[in-house]
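In case you want the letters, here they are:
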Amino acid sequence: MTIRLFNTMSRKIEEFVPITPGQVGFYSCGPTVYHYTHLGNLRTMIHNDILKRMFLENGYDMHHVMNITDVGHLTNDDDDSGEDKMEKGAARDHKSVWDVAQFYLDQFLRDYDDLNMIHPTEMPRATDYIHEQIELVRQLEALGYTYEIPGDGIYYDTSKFPAYGALTGGALSGNRAGARVEFNSAKRHPTDFALWKFSPADQKRQMEWDSPWGVGFPGWHAECSAMSMKLLGDHFDIHTGGEDLSRVHHANEIAQSEPIVGAPWVKYWVHFSFLVDKSGEKMSKSKGEFLGLDAVRNRGFDPIVYRYLILLGHYQAQLAFSWESMDAAAAGYKNLVRRVADILAEKEQGAQDPAVFDAWHDRILDAVSDNMKTAEALVITQELLKAPDVTAATKIALIEFIDRLLGLQFIDRARKLITLENVAAPDDIVDMARRRAAAKAARDFATADALRGQIDAAGWSILDTADGFKIVKKA
């Protein structure tokens, strides 16, 4: 298929042409492991996973690098000020920085697996690439792009890079840092950013290293440039992240990379919109109720339902999260799984029709290849499941392809449902189900609802059918 993506740098949808035919070098900004990953961050990860699956289904070899930030990310991103988030997490949890990093990385990977995301080819930690980050700063220093603020750190002089801010379409003066925090008057220009921060003279940090400029730690922006160039080469195809990263973090990555390797450093920039709450506020760790995947689990939702909810939207549009939207997504997902289970249970599945398979396959893959239109792919999937002229065998082969492309595990969940439906319910549950059916027929809905509640509390579910009902053991 022709692959088309919105390139933030050009601000238009472009046809994807790889640097190396048949291969994709792909870098995505990963988590800062000082806390649980919130649902907004996980939305970005899901879109990254869809992007990767789309390329794989189009026959590309993928080299995906996602960084793990375990040092240097300060609480005030715009002005390189405030406390290191990792040190802050260690103080909060009363653990070492290293233990905090490992704990929250493990929790992130648990979420990653529960959302059925394909692991990156490599997940480098910032602390394992300190040498490379120091070398990056040394090269920029030799090229005349740096200056020192005594007692603070080594800074990048953005006035030396005329293209600064091009990613978001702004001139240098239009991309001001300090819009949300007090401007550091020691910097030459508001947009200048830290490459290497000095450790405080009166404090020993848990994470600090010797450097040519003194003991300290790298600025947050340095890691992505250093690690991507080390692992993907001087130029690669795609760099992704949340839309909030385009204005400062990614602008800084470009500024510190292109003087060394030449422009363009990255061919396509893809940014994903925010997950917002019902008031329209961006979902983050610092605002309001913290919502991670545990909140989804604790409400009784299968995490894959959250993935399904995300795919009902488009990556360039903000998506409002609520428990009501999760209820609706759960119902929609359950209905699709039910249909897949019915297809799997058909005894006479018929022969697979290659021409019919190809036609539906291409419609679905084309939708996702066209700027990742996952909602359109799901509409086509629903059409497929209802199509009377497509054999069960052809549908099953197509659902297997859809599972590879969208990662929604329809086949897996449908097989589990079939297994649960074949578990015989005990006599008392059957008796309650029959009494519920009689109460419904008599329009005694209060009694029917009470009996359903008792059945549900006992670990069973009632599925109303055209012939009456089914009793299913809960997973």
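What you see as residue numbers is a count from 1 along each chain, following the sequence as written. Two thresholds apply to this predicted model, a pLDDT of at least 70 for residue-level local features and 80 or more for giving and counting side-chain atom pairs, whereas whole-chain, interface and lining totals are computed over all residues. Computation of side-chain values: all heavy atoms of the structure, hydrogens and water removed.

*Asks:* What's the story with the packing of helix H14 (residues 427-441) against helix H15 (residues 445-457) in this structure? I'm lost.
*Replies:* Packed helices, taken two at a time, are described by the angle between their axes plus the distance between the axes. Axis angles are defined between N-to-C directions and span 0 to 180 degrees, where every axis is a line fitted to C-alpha atoms and, for a helix, only to the segment in contact. Numbering of helices and strands runs from the N terminus; a helix is a DSSP stretch of H or I covering at least four residues, while a strand is a stretch of E covering at least two. One can describe the packing of H14 onto H15 by two numbers: an axis separation of 8 Å at closest approach and a directional angle of 160°. Judged by the inter-axis angle, H14 sits roughly antiparallel to H15. Considering how the two elements wind past one another, H14 and H15 form a crossing that is left-handed. Only Phe 445, Thr 447, Ala 448, Leu 451, Arg 452, Gln 454 and Ile 455 of H15 make contact with H14, whose side of the interface consists of Ile 429, Met 432, Ala 433, Arg 435, Arg 436, Ala 439 and Lys 440. Ten residue types, Ala, Val, Leu, Ile, Met, Phe, Trp, Tyr, Cys and Pro, are classed as nonpolar, four, Asp, Glu, Lys and Arg, as charged, and the remainder, Gly among them, as polar. Of the residues in the contact of H14 with H15, the class split is 8 nonpolar, 2 polar and 4 charged. In these notes the angle categories are as follows: under 35 degrees is roughly parallel, over 145 is roughly antiparallel, 65 to 115 is roughly perpendicular, and the rest is oblique. In this scheme the crossing of two helices becomes right-handed for a clockwise turn of the near helix relative to the far one and left-handed for an anticlockwise turn of less than a right angle. Residue contacts are defined here by distance: any two heavy atoms, one from each residue, within 4.5 Å place the two residues in contact.

*Asks:* Can you help me understand the packing of aromatic side chains in this one?
*Replies:* Any pair of aromatic rings gets described here by the distance separating the centres and the angle formed by the planes. When two rings of Phe, Tyr or Trp (its six-membered ring) have centres within 6.5 Å they constitute a pair, described as stacked for plane angles under 30 degrees, edge-to-face for angles over 60, and tilted for the intermediate range. The full count for this structure, using the stated rule, is 21 aromatic pairs. Between Tyr 308 and Tyr 333, the ring centres sit 5.7 Å apart and the planes meet at 55°, which makes this aromatic pair tilted. Within this pair, whereas Tyr 308 is found in helix H8 (residues 303-311), its partner Tyr 333 is found in helix H9 (residues 323-344), the two being separated by 25 residues in sequence. The cut-offs for exposure are 20% and 50% of the maximum accessible area for each residue type, with area from a 1.4 Å probe on protein chains only; residues under the lower value are buried, those over the upper are exposed, and the others partly exposed. Taking relative accessible area as the criterion, Tyr 333 reaches 5% and is therefore assigned buried. Ring pairs connect the aromatic residues Phe 16, Phe 55, Tyr 60 and Tyr 268, which therefore count as one cluster.

*Asks:* Even after reading the chapter, I still don't get the confidence of the model for the protein, so can you show me in this structure?
*Replies:* Residue-level confidence of the predictor, termed pLDDT, takes values from 0 up to 100. Of all residues in the protein, 93% have pLDDT values of 70 or greater, and the mean over the chain is 90. Confidence drops under a pLDDT of 50 for residues 171-182, and excluding neighbours within four residues, the segment shows 24 contacts in the predicted structure.

*Asks:* When you look at the side chain of Asn 48 in this model, what are you seeing that I'm missing?
*Replies:* The residue Asn 48 is located in helix H1 (residues 39-57) in this model. Take Asn 48: its relative accessible area is 2%, and that puts it in the buried class. With residues near it in sequence (within four places) discarded, Asn 48 still touches Phe 26, Ser 28, Thr 240 and Phe 272.

*Asks:* Before we go on, may I ask you to explain the environment of Ser 159 in this structure?
*Replies:* Mapping Ser 159 onto the fold places it in the loop between strand S8 (153-156) and strand S9 (193-198). According to the relative accessible area criterion, Ser 159 is partly exposed, its value standing at 36%. C-alpha of Ser 159 to C-alpha of Phe 274: the two residues are 115 residues apart in sequence and 30 Å apart in space. One polar contact links Ser 159 to Asp 157, side chain to side chain, over a distance of 2.6 Å. Polar contacts, as counted here, are pairs of nitrogen or oxygen atoms within 3.5 Å of one another; within protein the pair requires one atom able to donate a hydrogen and one able to accept it, and residues that are adjacent in sequence qualify only if both atoms are side-chain atoms.

*Asks:* Would you mind showing me how to read the sheet that holds strand S4 (residues 61-66) here?
*Replies:* Two orientations exist for strands paired in a sheet by backbone hydrogen bonds: parallel and antiparallel. A pair of strands is treated as paired once DSSP finds two or more bridges between them. Reading across the sheet, the 4 strands line up as S4-S3-S11-S12 and stay open at both edges, with parallel pairing between neighbours. Since the sheet does not close on itself, it has two edges, and those belong to S4 and strand S12 (266-272), each with one partner. Strand-to-strand twist in this sheet, taken as the mean axis angle between neighbours without regard to direction, amounts to 20°. Of the strands in this sheet, strand S3 (23-28), S4, strand S11 (236-242) and S12 are in contact with H1, which crosses S11 at around 155°. Most of the contacts of helix H5 (residues 220-232) go to S3, to which it runs at about 160°, and overall it touches S3, S4 and S11.

*Asks:* Would you explain the side chain of Thr 32 in this entry?
*Replies:* Structurally, the position occupied by Thr 32 is in the loop between S3 and H1. Judged by its relative accessible area of 10%, Thr 32 is buried. A distance of 2.7 Å separates a polar atom in the side chain of Thr 32 from a polar atom in the side chain of His 73. Aside from chain neighbours lying at most four places away, what touches Thr 32 is Thr 69, His 73, Lys 85 and Met 86.

*Asks:* Sorry if this is basic, but what is going on with helix H6 (residues 249-261) here?
*Replies:* Helical geometry: 3.6 residues make up each α-helical turn, so side chains three or four residues apart lie on a common side. Taking 1.5 Å per residue as the helical rise, H6 with its 13 residues ought to reach 18 Å, and the 18 Å between its terminal C-alpha atoms agrees with that figure. Inspection of H6 places His 249, His 250, Ala 251, Asn 252, Glu 253, Ile 254, Ala 255, Gln 256, Ser 257, Glu 258, Pro 259 and Val 261 among the buried residues, and these make up the whole buried set. Buried residues in H6 make contact with helix H4 (130-142), S8, S9, H5, S11 and S12. Directly after H6, the chain includes Gly 262, whose backbone phi takes a positive value near 95°. Each helix should span, by expectation, one fewer than its residue count multiplied by 1.5 Å.

*Asks:* Explain the nonpolar core to me, please; I cannot follow it from the model alone.
*Replies:* Counting 97 residues, the largest nonpolar core has Phe 55, Ile 238, Tyr 306 and Leu 406 as the members making the most contacts within it. For our purposes a nonpolar core is just a set of buried Ala, Val, Leu, Ile, Met, Phe, Trp, Tyr and Cys residues, chained together by side-chain atoms within 4.5 Å. The next biggest cluster of nonpolar side chains, apart from the first, holds 36 residues, and it includes Phe 198, Leu 245, Val 261 and Trp 265.

*Asks:* Teacher, can you tell me more about the environment of Ile 396 here?
*Replies:* Tracing the backbone shows Ile 396 in helix H12 (residues 392-406). As for Ile 396 and Ser 369, which are separated by 27 residues in sequence, their C-alpha atoms are 22 Å apart. Setting aside residues up to four positions removed in sequence, Ile 396 forms contacts with Ile 343, Leu 344, Gln 349 and Ile 411.

*Asks:* Looking at this structure, how should I read the environment of His 119?
*Replies:* Position of His 119 among the secondary structure elements: in the loop between helix H3 (97-114) and H4. Within polar-contact distance, the side chain of His 119 engages the side chain of Asp 113 at 2.6 Å.

*Asks:* Is there a simple way to think about H5 in this case?
*Replies:* The end-to-end C-alpha distance of H5, which contains 13 residues, comes to 19 Å, matching closely the 18 Å that a straight helix rising 1.5 Å per residue would cover. Most of H5 sits inside the fold, with 12 of its 13 residues counted as buried. Residues of H5 that are buried: Trp 220, His 221, Ala 222, Glu 223, Cys 224, Ser 225, Ala 226, Met 227, Ser 228, Met 229, Leu 231 and Leu 232. Looking one or two places after H5, you find Gly 233, whose phi comes out positive at around 100°.

*Asks:* Where do I start with unusual backbone geometry in this structure?
*Replies:* Leaving glycine out, the prevailing phi sign among residues is negative, and the prevailing peptide bond configuration is trans. The linkage connecting Ala 263 with the following residue, Pro 264, adopts the cis geometry, with an omega of -5°. With respect to the helices and strands, Pro 264 occurs in the loop between H6 and S12. In this model, Asn 116 sits at a positive phi of 55°, which is unusual for a non-glycine residue. Positive phi, normally seen in glycine, also occurs at Met 372, with a value near 60°. Inspection of the secondary structure puts Met 372 in the loop between helix H10 (354-369) and helix H11 (374-386). Since its relative accessible area comes to 2%, Met 372 is described here as buried.

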